[in-house]
Amino acid sequence: NLRLVDESSLADGERVPLSVKDMGSCELFPQSIAHHPNGRLFAVCGDGEYVIYTAQALRNKSFGQAVEFVWSEEGHYGTRDNNGRVTIFHDFKETFSFKPGFTVEEIFGGKLLGLRGGDFVCFYDWADQRLVQKIEVTPKKVVWAEGSSGSSLLAILCSDAFYVLRFNREAYQKAAEERGAAGGEDDGEGFEEAFELIQEVNERAESGLWVADCFVYVTSALRLQTFSSGQIDTLAHLEKPMALLGFIPEQNRVFLIDRELGVFSFSLHLAMLEYQSAVIRRDDALAEQLFLQIPPEMHARVARFLDHQGFKERALEVTTDPDMKFDLALSLGRLQQCAEIIRSNATADVSPSSAQAGILSPLNISRWKQLGDVALEHGHFSLAVGCFQEANDLSGLLLVSTAMGDAKLLSRVAEQAAATKKANVAFLAKLLLQDLKGCVDVLMSSDRVPEAAFFARTYCPSLLPPIVAKWKEELGKVNQMLANALADPVANPTAFPADLEVACKAEKILQKRRQAGFFPADQFPHLRGILDLDLCEEIKNIGEAEVEKMFLGDAQITDEEIGAIVNETSSAEPAQPPPMQQQPQTVPPPSQYSPPAAASPAAGQMFMHTEVGGQQPGQSPAAAGAFNGVGPSPGSRGGGPGYEDYPLTDPPGSAPGPPPMQAGEAPMQAAPHVPPGADDFDGLMGGVGEAQVPGGPRMVS
């Protein structure tokens, strides 16, 4: 009846309209039905008996006593009675009968006769009843593929997995002959050469059948799947439990039946299965011919199969799926082609209005980032920059620009990050560019006024008064007493150290130095002495003009003079006793130094980053105004204990300490240190801790 159904009326997952014909009644109550390999006969087994009928006229062909009945591939059959005796029939005549040395719980037909024991299955040859091999599994079903007499595939379906094996008759016969010639006896295990394990699939299969070299099965999760050459594909998701009936090559459809005897069909192209077999056998000529018979809508499946077999180049040519095409091109290292694939699908998964506005879908953004990362790995920096720009990945652009020393790109990253309110990236970029005012602007625009005040106190004290005024204004809305406790450098100049004015002068000198250009990185060996100088102390000792000449290159200063200044500064008696014993600092005399001419920043040059906020409690005078080179590390930034270097991604937020404690005064409780975070300024700049001081509020600078 299925062959007479109009193919145009068949749709995947739809019930097949079939006419029911009454063929007669059975002489016994059937418990199982087994069909002959050619379909002309079938056997009904039940009530301890079996009857063989013809399929067309339902005529009785043979009968006998049995509780189980199975067919062989050649049309022979075997039975099992209540006593566990197995009988084999050829041409409806009994040829051999035996009772194994174990309890037979179930028998299986096919190319070999299978007998299942407690936790194993034994396969016997239909011809000479010899044990072929014993396999330590407990099968529910054994499904054989229709193969040549030399070898054949079979699937052993168990309760939690199924195994795909290959039976090699030639290897089995050769091993049997060698054992017979050597006078060996049957050891009860059979011949290991007979079977080869192809694949173990950890999925429960309820029913299955072979179509060429492809195993089609229904899982316990109600999925119709195919297994071919180690690759599993899902044909359909079923709505209810079904069992496989068979496959009709003329219609390229596989048929299933449910418990209500409804028949359903799904397409399964035979040319596709034969193409897979030809590829596995490396028959390229036949594979190309079969590929022409595969419809275009199945080319994506062909590409997945080719990719699994290792033919990525051919899979890239065949596939029509843009996602798979991108992954294949990326795995083959064709980065430019990957970029073209993304651009060609830029409008996918987005609305027309978003496409006109240039808004990318999340998938395309992810692709650009992925391509940028791979481009970085392969050293294609220009492509990586383009990918990160397409994805608007400012973090990636920050990484590339700093790694390449590209100040122009870093400047664009800073501007774009500030415009898109990505304050962490904008702050880091401006800090690396020595744009101190820009750093303050980012902090202020992000409502990080306390952090901006501490940053300005340390790096650009000239910007401190308006920031403190803003801080007092904001804090006064919450607690006026705390706002009054903040010291204003304009209204309360006595609350600040006397070095604040000197620090502003040092700031101007460093600003002129940055405007004139950075020191070349190759000058670092000659600059080690001058980098360790305390800029504020030098202004006090030799004057602002002399220090400005030293840093701007208008005065020639010898290495011996630099060393003398450093040694004199290190050994000088401090105005106040330091909190920790300082070790005298010695600087090896460098070679002759001549300040270089001004140069524009470029890759390979050393950025200069200097704190000018004055000496901090527990900090040596040399550390208070030391330089920090971005590039070849100059080593310690102060040389004395009590000072820690800060990484570039965690700028210090230190402020001048409070006035000295009075006798009997309780110490302030410092806020705990918070590890720096990547996406917030609380981790980036550190937190501002509140302190409770007995006796009322204290002026804090």
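Check the entry above for the structure.
Here goes a summary of the coordinates provided.

## Concerning the nonpolar core
Membership of the largest hydrophobic core comes to 75 residues, with the highest contact counts inside it found for Y275, I294, V302, L306, L371, L398 and F455. Sequence-distant contacts of L398, that is, excluding residues within four places in its chain, are made with L410, V413, V425, L428, A429 and L432.

## Observations concerning the sheet that holds strand 2 (residues 41-46)
The sheet built from 4 strands is open, its strands ordered 1-2-3-4 with antiparallel pairing. Looking at the sheet topology across the chains shown, the edges are occupied by strand 1 (32-35) and strand 4 (60-65). Strand after strand, the sheet turns through a mean of 20° between neighbouring axes, direction not considered. For strand 3 (residues 49-54) and strand 4, the ladder comprises 5 bridges, and the chain directions are antiparallel.

## So, the packing of helix 12 (residues 407-419) against helix 13 (residues 423-432)
Orientation of helix 12 relative to helix 13, taken along the N-to-C sense of each, is 150°, at an axis distance of 8 Å. In terms of orientation, helix 12 and helix 13 fall into the roughly antiparallel class. Like other packed secondary-structure pairs, helix 12 and helix 13 cross with a definite hand, here left-handed. Between helix 12 and helix 13, the residues in contact are L410, V413, A414, A417 and A418 and V425, A426, A429, K430 and L432, respectively. Classifying every residue of the contact of helix 12 with helix 13 gives 9 nonpolar, no polar and 1 charged.

## Regarding the packing of helix 11 (residues 394-404) against helix 13
At a minimum axis separation of 10 Å, helix 11 and helix 13 run at an interaxial angle of 15°. With respect to helix 13, the element helix 11 is oriented roughly parallel. For helix 11 against helix 13, the interelement crossing comes out left-handed. Taking contact as the criterion, the partners of L394, S395, L398 and T402 in helix 11 are, on helix 13, V425, L428, A429 and L432. Across the contact of helix 11 with helix 13, the residue classes tally to 6 nonpolar, 2 polar and no charged.

## Some words on the environment of L18
Within the secondary structure layout, L18 lies in the segment before strand 1. Residue classification places L18 among the partly exposed positions, given a relative accessible area of 36%. For the pair L18 and L2, spaced 16 residues apart in the sequence, the C-alpha separation amounts to 7.4 Å.

## Topic: the environment of F42
With respect to the element layout, F42 can be found in strand 2. For the pair F42 and Y53, spaced 11 residues apart in the sequence, the C-alpha separation amounts to 5.6 Å. Leaving out residues up to four positions away in the same chain, F42 has contacts with I33, A34, H35, H36, V51, I52, Y53, T54, A55 and L58.

## A short note on the pairing of strand 8 (residues 93-98)
The pairing of strand 7 (residues 86-90) with strand 8 spans 5 bridges and is classified as antiparallel. Pairing of V86 across the sheet is with F98, part of strand 8.

## Overview of the side chain of S62
The topology assignment puts S62 in strand 4. Setting aside residues up to four positions removed in sequence, S62 forms contacts with Y50, V51, I52, Y77 and F92.

## Describing the pattern of salt bridges
Using the criterion set out here, one finds 23 salt bridges in the structure. Here D323 and R367 are joined by a salt bridge, their closest N and O atoms 1.7 Å apart. Here D323 is found in helix 6 (residues 322-331), whereas its partner R367 is found in helix 9 (residues 362-377), with 44 residues between them in sequence. E474 is paired through a salt bridge with K470; the nearest N and O atoms lie 3.1 Å apart. You can see E474 and its partner K470 sitting in helix 16 (residues 464-476), 4 residues apart, about one turn around the helix. A relative accessible area of 30% means that E474 is categorised as partly exposed. With a relative accessible area of 32%, K470 lands in the partly exposed category. Salt bridges linked by common partners bring E105, E106 and R116 together as one network.

## Side note on unusual backbone geometry
Of note, the phi angle at Q129 is positive, near 55°, even though the residue is not glycine. As for its position among the elements, Q129 is in the loop between strand 11 (121-124) and strand 12 (131-135). Its relative accessible area of 17% is what places Q129 among the buried residues. The residue N392 is not glycine, and still its phi comes out positive at about 55°. You can see N392 is positioned in the loop between helix 10 (381-390) and helix 11.

## Observations regarding the side chain of Q225
Of note, Q225 is situated in strand 19 (residues 223-228). Taking the relative accessible area as the measure of exposure, Q225 reaches 4% and is therefore buried. Here the side chain of Q225 touches Y217 through a polar contact of 2.9 Å, side chain to side chain. For Q225, the side chain forms a polar contact with the side chain of T234, separated by 3.2 Å. In this view, Q225 contacts E203, F215, V216, Y217, T219, I232, D233, T234 and L235; residues no more than four positions away in its chain are not counted.

Criteria and thresholds
- Residues numbered from 1 in each chain as written.
- Predicted model: local features only at pLDDT ≥ 70, side-chain atom pairs only at ≥ 80, totals over all residues.
- Heavy atoms only, no water.
- Core = buried A, V, L, I, M, F, W, Y, C linked by side-chain atoms within 4.5 Å.
- Buried < 20%, exposed > 50% of the residue type's maximum accessible area, 1.4 Å probe, protein only.
- Contact = heavy atoms within 4.5 Å.
- Pairing = 2+ DSSP bridges.
- Helix = DSSP H or I, 4+ residues; strand = E, 2+ residues; numbered from the N terminus.
- Axes fitted to C-alpha atoms, helices over the stretch in contact; angles between N-to-C directions.
- Parallel < 35°, antiparallel > 145°, perpendicular 65-115°, else oblique.
- Left-handed = near helix turned anticlockwise from the far one by under 90°.
- Nonpolar A, V, L, I, M, F, W, Y, C, P; charged D, E, K, R; others polar.
- Salt bridge = Lys/Arg side-chain N within 4 Å of Asp/Glu carboxyl O.
- Polar contact = N/O pair within 3.5 Å; in protein donor to acceptor, adjacent residues only side chain to side chain.

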